Amino acid sequence: MAALSNVRWLTRAVLGARNSGAWRGLRTAASAQAASQSQAQDVRVEGAFPVTMLPGDGVGPELMHAVKEVFKAAAVPVEFKEHHLSEVQNMASEEKLEQVLSSMKENKVAIIGKIYTPMEYKGELASYDMQLRRKLDLFANVVHVKSLPGYKTRHNNLDLVIIREQTEGEYSSLEHESARGVIECLKIVTRTKSQRIAKFAFDYATKKGRSKVTAVHKANIMKLGDGLFLQCCEEVAELYPKIKFETMIIDNCCMQLVQNPYQFDVLVMPNLYGNIIDNLAAGLVGGAGVVPGESYSAEYAVFETGARHPFAQAVGRNIANPTAMLLSASNMLRHLNLEYHSSMIADAVKKVIKVGKFHLLFLFLHHPLPLGHLNTDLAALPRVEIAGRVSSLVSLPLGLISCKVRTRDMGGYSTTTDFIKSVIGHLHPHGG
């Protein structure tokens, strides 16, 4: 694949050292603009990019189906190599794990759903999900939390990035029962990996034009473990004088995110804290179904949802929100230098959410409202529940009122199928 070779050569040239190898998907604006102008012609000549697909559990397979439908409609030059790995569907074994690893190592890029981790201990502490990340050394998880116009949330216009170290820390899978009823769980923090994730965060801030990095920790209590992580962040920060650096204790960070999330730009933190903050921040902009995520090693890139949830209760009900997975897929295409298709899909998704879907109904009220209410703020008007949805009412003469009914999820669409059909209907050449 000549095109894929060219992409890999370009990223290696930009990255240089191995520590910067995780930046395969972060290119300069000039190269991105050039790719956008010539992408359609280039990829059709060169053929399809192979990408490993791992649907995972819960609604993962449904979300992957949505990605494939949109990719097909957009004529995206990607060929998915699909594998199945699940601890709850009798599709997990060392052999299957090696098959998935082999595919991901060969293709360098993957898109995955959440692999559910059972609570029960069955002799192996490290889940298959964790084993994948460790064996591929996917040390950096990046979740870009950004408000999407059309989703009404308490905070709007948010734009912050959470960077999480995800190969050690509390998820080291080192637990044992030292005495009956006494469990010791080891949290591993190393200088090498702490420095690596700190450098990744500052490099990200530099390349993306961000102005501040906040290191999140609990060094006041875990003075040695989190103390080492904090020390490494401080040392790395000295190498980036143009980037403002601050520190914040994890519990205060949670409160500050809820009260005033606008103060944050890039946050870097150990494993467990990142897992918590990812989900908290996703809730600020609409929930787990709207925030994309990605994980990097020096060699590989894996794209997924930012808040990892299997959403098992929604399986088969056609109600899973595919926004996060589609935006992750768009980011994957940008990583592959397919700027044209990436922008087309991201724009379509955002347009569907922004425009939304409304049903206009007409009802009669027993007590007509004044005509002057026509231009009144909707929040001040009476409300009625129709088909389980609460909607605002705008009065018209003689008691005739119009009711705009809009569902609260998926940009106004109550089913995954309808949402995907609308996205496909909004696909168009970027800039056309």
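In this text, all values refer to a predicted model and were calculated from it rather than measured experimentally.

A. Representation of the sheet that holds strand 11 (residues 292-296) within the structure. If you walk across this open sheet you meet the 10 strands as 2-1-3-12-11-4-5-10-8-9, and the pairing is mixed. Each edge of the open sheet is held by one strand with a lone partner, namely strand 2 (78-82) and strand 9 (244-249). The mean inter-strand angle of the sheet, taken between neighbouring strand axes irrespective of direction, is 25°. When strand 1 (residues 49-54) meets strand 3 (residues 109-112), the two strands line up parallel, connected through three bridges. Of the residues in strand 3, the one forming a bridge with Met 53 is Ile 111.

B. Looking closely at the packing of helix 11 (residues 339-355) against helix 12 (residues 416-426). As a packed pair, helix 11 and helix 12 sit with axes 8 Å apart at the nearest point and diverge in direction by 120°. Between helix 11 and helix 12, the interaxial angle falls into the category oblique. Considering only the axes of helix 11 and helix 12, their crossing is right-handed. On the side of helix 11, the interface is formed by Ala 348, Val 349, Lys 351, Val 352 and Ile 353, while helix 12 contributes Phe 419, Ser 422, Val 423 and His 426. Residues of the contact of helix 11 with helix 12, tallied by class, amount to six nonpolar, two polar and one charged.

C. Local environment of the pattern of salt bridges. Going through the model one piece at a time under the given rule, you end up with 15 salt bridges. Between Glu 79 and Lys 81 there is a salt bridge; the shortest N-O distance is 2.9 Å. The class of Glu 79 is partly exposed, set by a relative accessible area of 39%. Each of Lys 114, Asp 129, Arg 133 and Glu 304 takes part in a single network of salt bridges with overlapping partners.

D. Spatial organisation of the pairing of strand 1. Of all the six residues making up strand 1, six are buried; the element is thus mostly covered by neighbouring parts of the structure. Residues Phe 49, Val 51 and Met 53 point to one face of strand 1 and Pro 50, Thr 52 and Leu 54 to the other, with burial holding for every one of them. One ladder, built from five bridges, connects strand 1 with strand 2; its direction is parallel. Along strand 2, the bridge assignment pairs Pro 50 with Glu 79. Once the chain exits strand 1 it traverses helix 3 (residues 60-73) before rejoining the sheet at strand 2, and the crossover so formed is right-handed.

E. Layout of the nonpolar core. With 91 residues, the main nonpolar core has Phe 71, Val 78, Ile 111, Ile 163, Met 332 and Phe 419 as its most contacted residues. The leading source of residues in this core is helix 11, at eight residues. Filtering out sequence-adjacent residues up to four positions away, Val 78 remains in contact with Ala 48, Phe 49, Val 51, Phe 71, Leu 333, Leu 336 and Leu 338. Residues Leu 54, Met 104, Ile 115 and Tyr 300 belong to the second largest nonpolar core, which totals 15 residues.

Conventions used here
- Within each chain, residue numbers correspond to sequence positions counted from 1 in written order.
- Reporting in this predicted model follows two pLDDT cut-offs: at least 70 for local features of residues, and 80 or more for side-chain atom pairs to be given and counted; totals over whole chains, interfaces and linings ignore these cut-offs and use all residues.
- Side-chain calculation: all heavy atoms of the structure are included, whereas hydrogens and water are not.
- In this analysis, strands are considered paired if DSSP registers two or more bridges between them.
- Strands here are runs of E lasting at least two residues and helices are runs of H or I lasting at least four, both read from the DSSP assignment and numbered beginning at the N terminus.
- Every axis in this analysis is a line fitted to C-alpha atoms, fitted for helices over the stretch in contact. Angles between the N-to-C directions lie between 0 and 180 degrees.
- Angle categories are assigned with fixed cut-offs, so that under 35 degrees is roughly parallel, over 145 is roughly antiparallel, 65 to 115 is roughly perpendicular, and the rest are oblique.
- Should the near helix be turned anticlockwise from the far one by less than a right angle, the crossing is left-handed, and should it be turned clockwise, the crossing is right-handed.
- A contact between two residues is defined here by any heavy atoms of the two lying within 4.5 Å.
- Residue polarity follows a fixed list, in which Ala, Val, Leu, Ile, Met, Phe, Trp, Tyr, Cys and Pro are nonpolar, Asp, Glu, Lys and Arg are charged, and the others, Gly among them, are polar.
- Salt bridge, as used here: a side-chain nitrogen of Lys or Arg that lies within 4 Å of a carboxyl oxygen of Asp or Glu.
- Think of it in three bands: with a 1.4 Å probe and only protein chains considered, a residue is buried below 20% of the maximum accessible area for its type, exposed above 50%, and partly exposed in between.
- Handedness rule for crossovers: strands pointing away from the viewer, path from the first strand over the helix to the second running clockwise, crossover right-handed.
- In these notes, a set of buried Ala, Val, Leu, Ile, Met, Phe, Trp, Tyr and Cys residues joined through side-chain atoms within 4.5 Å is what counts as a nonpolar core.

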